[in-house]
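This is what each chain is made of:
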Amino acid sequence: SRAAIARRRAGRATHERPETIALDERAAVQELVEATLPWAALALLPAMALFEAPQIARCLRTFDLAAYGRLFVIAVLGAWTSATGYMVIGRLSALTHQVLGQFKMACLLLGSAVVLGADLNAQQLGGASVTMLSILCYTRATLTQRAALAKRDESGGRDERAGLLGAASPTRRRA
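Residues numbered from 1 in each chain as written. Predicted model: local features only at pLDDT ≥ 70, side-chain atom pairs only at ≥ 80, totals over all residues. Heavy atoms only, no water.

Enquirer: Looking at this structure, how should I read the overall build of the chain?
Expert: The secondary structure content of the chain amounts to six helices and zero strands. Element order for the chain, N to C, with α for helix and β for strand: α-α-α-α-α-α. In the chain, which comprises 175 residues, the proportion classed as buried is 10%. Looking at the chain as shown, the accessible area adds up to about 14,400 Å², and 66% of this sits on carbon and sulfur atoms. (Helix = DSSP H or I, 4+ residues; strand = E, 2+ residues; numbered from the N terminus. Buried < 20%, exposed > 50% of the residue type's maximum accessible area, 1.4 Å probe, protein only. Areas by Shrake-Rupley, 256 points an atom, 1.4 Å probe, with all protein chains shown as cover.)

Enquirer: Help me understand a nonpolar patch on the surface, please; the structure alone is not making it clear to me.
Expert: A surface patch of nonpolar side chains, about 900 Å² in accessible area, is lined by Trp39, Leu42, Leu45, Met48, Ile56, Leu60, Phe63 and Leu65. Residue Trp39 is classed as exposed on the basis of its relative accessible area, which comes to 62%. (Patch = residues over 30% accessible without salt bridge, like charges linked within 9 Å, V, L, I, M, F, W, Y side chains within 5 Å. Salt bridge = Lys/Arg side-chain N within 4 Å of Asp/Glu carboxyl O.)

Enquirer: Would you mind showing me how to read the packing of helix H5 (residues 94–114) against helix H6 (residues 122–154) here?
Expert: Helix packing for two helices is described by the angle between their axes and how far apart those axes are. Running from amino to carboxyl end, H5 crosses H6 at an angle of 145°, the nearest separation of the two axes being 9 Å. Viewed along their axes, H5 and H6 form a crossing whose handedness is left-handed. Across the interface between the two elements, Leu95, Thr96, Val99, Gln102, Phe103, Ala106, Cys107, Leu109 and Leu110 from H5 touch Gln124, Leu125, Ala128, Thr131, Met132, Ile135 and Tyr138 from H6. Within the contact of H5 with H6, the residues separate by chemical class into twelve nonpolar, four polar and no charged. (Axes fitted to C-alpha atoms, helices over the stretch in contact; angles between N-to-C directions. Left-handed = near helix turned anticlockwise from the far one by under 90°. Contact = heavy atoms within 4.5 Å. Nonpolar A, V, L, I, M, F, W, Y, C, P; charged D, E, K, R; others polar.)

Shown next as structure tokens:
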């Protein structure tokens, strides 16, 4: 993957398809993360020992194996969730990622009210409701867009100047 990126930067691989370039870049990023993440984690250990020494000493004095075991399981599950989230981010657009983040927050807010019995004021309930309604509208628009693009592609009416929903793009109209 490094050789492909070097060839592209040198201008010799201008004929490659965008999908191939994106895959090469993803592989390069993954290789970089795999090479640097363990060292970054190890570099944090001395800083953690220096800045957290009083808290570490207190924890060792009042060590509760069951509590720390549960905390460890939660930490592993959180790391796994984050890792899978980062893998998914590479396959989504930035807008879809943001919409899913807002959906998660609305679900947490409404879930805390339903499951935990948290008291929510009218502003919080209204905000969560508007968020859910906005996500439904976004999903409907995305599905409509995909259906229109698929229909256009099936009919063979590919127009390079066409916008997202098949209308001519105002920035690419010919005079």
